[in-house]
Amino acid sequence: AMKPELIPDEGADRPFVIRPYRKAEFAQLYFPNLTPRCALRKLHRWIERSDALRRALYEEGPEGRNEQTFSRRQVELLVRHFDEP
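As a starting point, this report considers the structure included with it. (Residues numbered from 1 in each chain as written. Predicted model: local features only at pLDDT ≥ 70, side-chain atom pairs only at ≥ 80, totals over all residues. Heavy atoms only, no water.)

### Section: the overall build of the protein
- Across its full length, the protein carries four helices and two strands.
- Along the chain direction, N to C, the helices and strands of the protein fall in the order β-α-α-α-β-α.
- Expressed as a percentage of contacts within the protein between residues at least 6 apart in sequence, the contacts between residues at least 24 apart total 48%.
- Only carbon and sulfur atoms are counted for the fraction: they give 52% of the accessible area of the protein, which is about 6400 Å². (Helix = DSSP H or I, 4+ residues; strand = E, 2+ residues; numbered from the N terminus. Contact = heavy atoms within 4.5 Å. Areas by Shrake-Rupley, 256 points an atom, 1.4 Å probe, with all protein chains shown as cover.)

In structure tokens:
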């Protein structure tokens, strides 16, 4: 019998890329075992713990709080604050 071919894990060892992300998609990078909605809620709680981060994300740039995506600038700030997912 032929051995099944090993399929590489898509996310494994792929370098994290700083780019715009949909918020729920980005949150799930940090909390892969949660639903997109729960992951996003948890990420927001993390953000709320730091006034400086919250201000930098939402008040020091053009992005609104209710956007569907994090901009490249916001992703950079988040990764600097929380480390790469």
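### Quick notes on unusual backbone geometry
- With a phi close to 75°, aspartate 83 is a non-glycine residue in the positive phi region.
- With respect to the helices and strands, the residue aspartate 83 is situated in the segment after helix H4 (72–82).

### Description of a positive patch on the surface
- Positive charge collects at one region of the surface, where Arg37, Arg41, Lys42, Arg45 and Arg49 lie side by side.
- Using a relative accessible area of 67% as the deciding quantity, one classes arginine 49 as exposed. (Patch = residues over 30% accessible without salt bridge, like charges linked within 9 Å, V, L, I, M, F, W, Y side chains within 5 Å. Salt bridge = Lys/Arg side-chain N within 4 Å of Asp/Glu carboxyl O. Lys, Arg positive; Asp, Glu negative; His and termini not counted. Charge placed at Lys NZ, Arg CZ, Asp CG, Glu CD. Buried < 20%, exposed > 50% of the residue type's maximum accessible area, 1.4 Å probe, protein only.)

### Section: the pattern of salt bridges
- Taken as a whole, this structure holds six salt bridges when the rule is applied.
- Arginine 19 is the partner of glutamate 25 in a salt bridge, and the nearest nitrogen-oxygen pair spans 3.2 Å.
- A relative accessible area of 35% means that glutamate 25 is categorised as partly exposed.
- Across the salt bridge formed by glutamate 76 and arginine 72, the nearest N and O atoms sit 3.3 Å from each other. Of this pair, glutamate 76 and arginine 72 both sit in helix H4, four residues apart, which is roughly one turn of that helix.
- Taking relative accessible area as the criterion, glutamate 76 reaches 32% and is therefore assigned partly exposed.

### Some details on the packing of aromatic side chains
- Taken as a whole and assessed by the stated rule, the structure comprises 10 aromatic pairs.
- Relative to tyrosine 30, the ring of phenylalanine 26 lies with its centre 5.4 Å away and its plane at 75°, an arrangement referred to as edge-to-face. With phenylalanine 26 and tyrosine 30 both in helix H1 (residues 23–30), this residue pair falls four residues apart, about one helical turn. Each member of the pair, phenylalanine 26 as well as tyrosine 30, carries the same accessibility label: buried.
- Their ring planes at 50° and their centres at 6.5 Å tell us that tyrosine 30 and phenylalanine 31 sit as a pair that is tilted. For the residue pair tyrosine 30 and phenylalanine 31, the accessibility class agrees, reading buried in each case.
- If you follow arginine 19 out to its NZ or CZ, it ends over the ring of tyrosine 21, 3.8 Å from the centre.
- Cation over ring: arginine 65 sits above tyrosine 58, and NZ or CZ is 4.8 Å from the ring centre. (Phe/Tyr/Trp six-rings, centres within 6.5 Å; stacked < 30°, edge-to-face > 60°. Lys NZ or Arg CZ within 6 Å of the ring centre and 35° of its normal.)

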